[in-house]
Amino acid sequence: MLDLNVRLVSILGVLTVIVLVGLTFDYFGKLRRQFRLGLLVAFLGIAAGGLFTFMAVIPDEKFYGPVFSEVKTSRKVVALTFDDGPYPPYTGQILDVLREEQVSATFFVVGKNAEKYPDLVRRIVNEGHQVGNHTYSHMDLLKADSKTIAQEVDRTSAIISDITGKETRLVRPPHGFRDAVVMEMMTKRNLSVVEWSIASRDWTNPGVDEIVNRTLSKIKNGSIILLHDGDGTAQAASREETVAAARRIIDELKNQGYIFVTVSEIVNPEE
Ligand SMILES: [Zn+2]
C-alpha cells in the first residue's frame, strides 16, 4: 500500500522528466560506459509509469488503499450493483425486476441524476435496496484536483441524505479509478470504496446473451457484479439489454442456490 499522499499525475509527471533526462543522456552518449544507463533509466521510468497507472484502474488492486471488489466467504452470496442512475425508464424497470424476484441490490447513483429524479432514489431505498455515491458529474477523479474531488463526493452525499434521510457509507469512483489522494479523501469521509469482481461490459450493449454469459461464467461466493441502469450524465444509451439480462442472471443464480445481498451486507455481514 502506498503511504505517500501524492497524485498519480504527479508521479507520472516526475517519471516523464526522468524518462526524458535518461533519453537525453543516452542521445548525447553520456552514461554509456559499460551499458546504456540513460536508456535503462528511461525504460524503467516508462515501466513504473505503466505500473502506477495499472494499480489505479484495475478494480481489485489495493496498492493505493483498501477497496472491496469481492469478498471471501463460504456463504453463497453475491451483490448486484447498478451504476450511473437514476435514469428513467430503466431504473424503474430494474426495480420492477428486483421486486418481482424479491432480491436486493445496490445502486451507485450519479448526484446530478439523483437531483433530477429524486422519486426514483426514494423508491430504491423504500424497496429495500442500498444507495451509494458515484460522484456528482461522473468525473474521472484521476483528472480532478482535490477541491473538485471533495465537491463531487460531498455534494452527492448531501443529495442522497436529503432525499433518503440516510447517510451513505459507500462510494464507487467513476470507472473505478482512484489514486492515493482519492483514497485518502474517501477514508476521511468514512466512505468504503467499492469496486467489482465481475464486469460484463453491459454499457457497450453487447447483447443480452453476452451480458448474461460473461457474468455467470465468473460467478463465485462473494462476487460483486457490476451492471448499469444509467449512462453517465449523458443519459443517451438504452439499458434495455441490462434490464433483460438482470432478470436472467437473477433466475440462473437463484437456481444455483445463490442469495442476493446488498454491498454492505457482503462487506460487513454483522451489520
Ligand atoms: Zn459509472
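Our structure's up above, just so we're on the same page.
Moving on to the side chain of Glu195. Mapped onto the elements, Glu195 comes out in the loop between strand S6 (192–194) and strand S7 (198–199). Glu195 sits in the buried class, given a relative accessible area of 0%.

Once their charged atoms are close, side chains differing in charge can pair, the charge on each being opposite to the other. Within this structure, the stated rule accounts for 19 salt bridges. Residue Asp96 pairs with Arg123 through a salt bridge whose shortest N-O separation is 2.6 Å. Pair noted here: Asp96 is in helix H3 (residues 90–101) and Arg123 is in helix H5 (residues 118–126), with a separation of 27 residues, a long-range link. When the shortest N-O distance is used, the salt bridge between Glu195 and Arg178 registers 3.6 Å. On the criterion of sequence distance, the pair formed by Glu195 in the loop between S6 and S7 and Arg178 in the loop between strand S5 (170–171) and helix H7 (180–188) is long-range, its members being 17 residues apart. Both residues of the pair, Glu195 and Arg178, count as buried. It is possible to trace a salt-bridge network through shared partners that takes in Asp96, Arg99, Arg123 and Glu127.

Counted under the stated rule, the structure contains five aromatic pairs. Here the aromatic rings of Phe63 and Tyr64 are separated by 4.9 Å at their centres, their planes lie at 80°, and the arrangement is edge-to-face. Here Tyr64 falls in the buried class, since its relative accessible area comes to 4%. Each member of the aromatic cluster is reached from another via a ring pair, and the members are Phe52, Phe63 and Tyr64.

Around the zinc ion, the protein contributes the donor atoms Asp84 (OD), His134 (NE2) and His138 (NE2), at 2.1 Å from the metal centre. Counting gaps between the donor residues of the zinc ion yields the pattern D-x49-H-x3-H. Of this pair, Asp84 sits in the loop between strand S2 (77–83) and H3 while His134 sits in the loop between strand S4 (130–133) and helix H6 (146–164); the two residues are 50 residues apart in sequence, bridging distant segments of the chain. By the burial criterion, Asp84 is buried, and His134 matches it.

Analysis parameters
Residues numbered from 1 in each chain as written. Predicted model: local features only at pLDDT ≥ 70, side-chain atom pairs only at ≥ 80, totals over all residues. Heavy atoms only, no water. Helix = DSSP H or I, 4+ residues; strand = E, 2+ residues; numbered from the N terminus. Buried < 20%, exposed > 50% of the residue type's maximum accessible area, 1.4 Å probe, protein only. Salt bridge = Lys/Arg side-chain N within 4 Å of Asp/Glu carboxyl O. Phe/Tyr/Trp six-rings, centres within 6.5 Å; stacked < 30°, edge-to-face > 60°. Donors = N, O, S within 2.8 Å, 3.2 Å for Na, K, Ca; no water.

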